Amino acid sequence: MDALFFWLFAVVAIVSSVLVVGQRNPMYSVLLLIVSFAALSGLYVLLNAPFMAVLQIIVYAGAIMVLFLFVVMLLNVTKEDEGNDPKPRFVIGPGPRRLGAVLAVVLAVQLIWALRTIADAPFMADGVGTTVKDIGLRLFREYAFAFEATSILILVAMVGAVIIARKDR
Amino acid sequence: MDPQLIAHLGVIGFTFFMLLNSAAVLVLMERKVAAFVQQRLGPNRVGPWGAMQPLADIIKLMMKEELRPKAADTFLFYLAPILCAAAAFAAFSVVPFGADTTFFGLLDDPVKLVAANVNVGVLALFAITSMGVYGIVLAGWASNSKYSLLGGLRSSAQMISYELSFGLSLAAVVMLAGSLSLNEIVDSQQGYWFGFIPKWYIFLQPVGFFIFMTAAVAETNRAPFDFPEAEQELVAGYHTEYSSMTFALFFMAEYIAMATMSAVAVNLFLGGWHGPFLPEWLGWVWFLAKVFLLLFFYIWMRWTLPRYRYDHLMEFGWKWLLPAATINLLVTAGLVLRYGW
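Residues numbered from 1 in each chain as written. Chains lettered and ligands numbered in written order. Predicted model: local features only at pLDDT ≥ 70, side-chain atom pairs only at ≥ 80, totals over all residues. Heavy atoms only, no water.

Asks: So what about the interface of chain B and chain A? Which residues, and what values?
Replies: Contacts between the two partners involve 22 residues from chain B and, on the opposite side, 21 residues from chain A. Of the roughly 1800 Å² buried between chain B and chain A, counting both surfaces, carbon and sulfur atoms make up 85%. Its largest share of buried area at the contact with chain A, chain B owes to B:Tyr134, B:Trp141 and B:Leu153, together 32% of the area lost on that side. At the junction of chain B with chain A, the criterion picks out 2 residue pairs in polar contact (both at pLDDT 80 or more). Those elements that place two or more of their residues in the side of chain B that touches chain A are helix H3 (74–92), helix H4 (121–142) and helix H5 (146–177) of chain B. Partitioned by chemical class, the residues of the side of chain B that touches chain A number 18 nonpolar, 3 polar and 1 charged. (Contact = heavy atoms within 4.5 Å. Buried area = accessible area lost by both parts, 1.4 Å probe. Polar contact = N/O pair within 3.5 Å; in protein donor to acceptor, adjacent residues only side chain to side chain. Helix = DSSP H or I, 4+ residues; strand = E, 2+ residues; numbered from the N terminus. Nonpolar A, V, L, I, M, F, W, Y, C, P; charged D, E, K, R; others polar.)

Here it is in structure tokens:
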């Protein structure tokens, strides 16, 4: 039963992620990304981490993707601009495309490295709980500094955005 | 088959059936209360006391022509109402509505009266309700109409803004109960103080209850916060271009969301199915009575209060409600640390 659900969620996550990149309509890309996040959340449930699963939905699918959707809607880009290059030449093409190609190669190398090394790592460390209490204790004891630093970073970004968006300067 | 499983499936089916019915009953209730407030009779032709009016409405909606704007995005246009209704139904799945029961000894082990007993129930509910906003945004965008788009944008901005205060008011109750499971939160409200004041969290969290209800009204897009469908400005908001059953799905989703929010408020603040006089197995009577009271309050408010102004709504949400919710959370946290409920 668990294996069945694992394959279901895994296939949905991978197919929708591939389609996100393959879409010409950014609106559909955003929606497919939400589907992918939902499938990831299902995988978290299978890993016995319901708290992470729910957070995945609340934070990524619920909050961040709404923001993406807003931007796409308000910019009203219905179709991606394909430019006037009939045959896209990725490596010898102009600037941004060349950078994209390099990034793709780097990503592929990273992925292969990660997949080759993950087999040795333990699937789930023993004695590490996934309940709200366990996560809370680890977050505020062992990783307290990282947690606080991240929150300050986000606060700085927020204040910066407000200052940039202010009219009466 | 395992009798335990059959009982659980029965509970799930029953929840679904009652939610469908609640939408119909609420439509009738809304029209009757509106008539009462405005000194009219309200629907009184179909059936005794107009009680069959929802049925007539459903038949009418099914018979209507299905219209779709030519420039609309077909797939998303039909996906939006389905998403809305699905989120509304799914949200109720984690809400318990009665104490564990063996159905008068028919079962060996008691079964929980909830469709899905999730141990992070409060958060799951929060996650599912936050999915409902997609239905509204997509309806506004896919219709390819300026009224729909404005309605969709307004509604999503409103829902996102009030979700914060909503979440913070939930967190205060979670801290008091020390659990994220709705079942455990209800059970921690058992008993009385001084023998007569029920241990409901509304008495410990009066500010939290006010914030929760305000945010709930804004989340369900009900008056006085019903900007997404402000008739004078936006025709009908995000569902301007919808007709027939697709419209009915939005309509139904709104009423079911109302019922869900009331049920959650009852579980979190009003002691769920605990109450005096009735034995444990009749707890659902208390639950239904409390939910009915809150729903009446919802409808009463709609027909009494005029609509806010949109900028006032946003200002209220960000500058008053959110700070109040934050302070409430901090004070609660301090008290819980000091006295350890």
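Asks: Break down unusual backbone geometry for me, citing the residues and quoting the values.
Replies: For B:Gln39, which is not a glycine, the phi torsion comes out positive at approximately 55 degrees. The exposure class assigned to B:Gln39 is exposed, which follows from its relative accessible area of 75%. (Buried < 20%, exposed > 50% of the residue type's maximum accessible area, 1.4 Å probe, protein only.)

Asks: Describe in detail the pattern of salt bridges, supporting the description with residues and values.
Replies: Residues and elements named next belong to chain B. Applying the stated criterion across every chain yields a total of 3 salt bridges over all chains. Ionic pairing is found between Arg-31 and Asp-57, a salt bridge with its closest N-O pair at 3.3 Å. In this pair, Arg-31 is assigned in helix H1 (residues 3–37) and Asp-57 in helix H2 (residues 53–63), connecting sequence segments 26 residues apart. Since its relative accessible area comes to 35%, Arg-31 is described here as partly exposed. On the accessibility criterion, Asp-57 (16% relative accessible area) is buried. (Salt bridge = Lys/Arg side-chain N within 4 Å of Asp/Glu carboxyl O.)

Asks: Provide a residue-level description of empty space enclosed by the protein, including the pertinent values.
Replies: Take a probe with the size of a water molecule and roll it over the atoms, and the empty space left behind shows itself. All names here are of chain B. With the rule as written, the count across this model stands at 2 cavities of 30 Å³ or more. The wall of the largest cavity is formed by 19 residues, among which Gly-132, Met-159, Glu-219, Ala-253 and Ala-257 lie closest to the centre. The set of elements that each furnish at least two residues to the lining of the largest cavity consists of H3, H4 and helix H10 (244–269). The element that contributes the greatest number of residues to the lining of the largest cavity is H10, accounting for 6 residues. Residues of the lining of the largest cavity, tallied by class, amount to 12 nonpolar, 5 polar and 2 charged. A volume near 40 Å³ is recorded for the second largest cavity. Surrounding the second largest cavity, Val-94, Pro-96, Val-114, Ala-116, Asn-117, Val-118, Gly-121, Ser-181, Leu-182 and Asn-183 form its lining. When grouped by side-chain class, the residues that make up the lining of the second largest cavity number 6 nonpolar, 4 polar and no charged. (1 Å grid on protein atoms, 1.4 Å probe; cavity = no way out; pocket = protein on both sides within 12 Å on 5 of 7 lines; lining within 4 Å. Points joined across faces, edges and corners; volume = space filled by probe spheres on them.)

Asks: Tell me about a nonpolar patch on the surface, residues and numbers included.
Replies: Residue and element names in this part refer to chain A. There is a patch of nonpolar side chains on the surface, built from Met-1, Leu-4, Phe-5, Leu-8, Val-12 and Val-35 and spanning about 580 Å² of accessible area. Tallying contributions element by element places helix H1 (residues 2–22) first for the nonpolar patch, with 4 residues. Of note, Val-35 is situated in helix H2 (residues 26–46). Residue classification places Val-35 among the partly exposed residues on the basis of a relative accessible area of 38%. (Patch = residues over 30% accessible without salt bridge, like charges linked within 9 Å, V, L, I, M, F, W, Y side chains within 5 Å. Areas by Shrake-Rupley, 256 points an atom, 1.4 Å probe, with all protein chains shown as cover.)

Asks: Hey, could you go over H3(B) for me, with residue numbers and the actual values?
Replies: When the terminal C-alpha atoms of H3(B) are compared, their 29 Å separation across 19 residues agrees well with the 27 Å that a helix rising 1.5 Å per residue should span. Listed as buried for H3(B) are B:Leu76, B:Phe77, B:Ala80, B:Pro81, B:Cys84, B:Ala85, B:Ala87, B:Ala88, B:Phe89, B:Ala91 and B:Phe92. The inward-facing, buried residues of H3(B) abut H2 of chain A together with H1, H4 and H10 of chain B. (Expected span 1.5 Å × (residues − 1).)

Asks: Now, about the layout of surface pockets: what can you tell me, with residues and values included?
Replies: Residue and element names in this part refer to chain B. Size it by volume and the second largest pocket reaches roughly 970 Å³. Lining the second largest pocket are 42 residues, and of these Val-27, Leu-61, Phe-247, Phe-251 and Tyr-255 sit closest to its centre. By residue number, the principal contributor to the lining of the second largest pocket is H10, which donates 9 residues. Taken together, the residues of the lining of the second largest pocket break down into 23 nonpolar, 6 polar and 13 charged.

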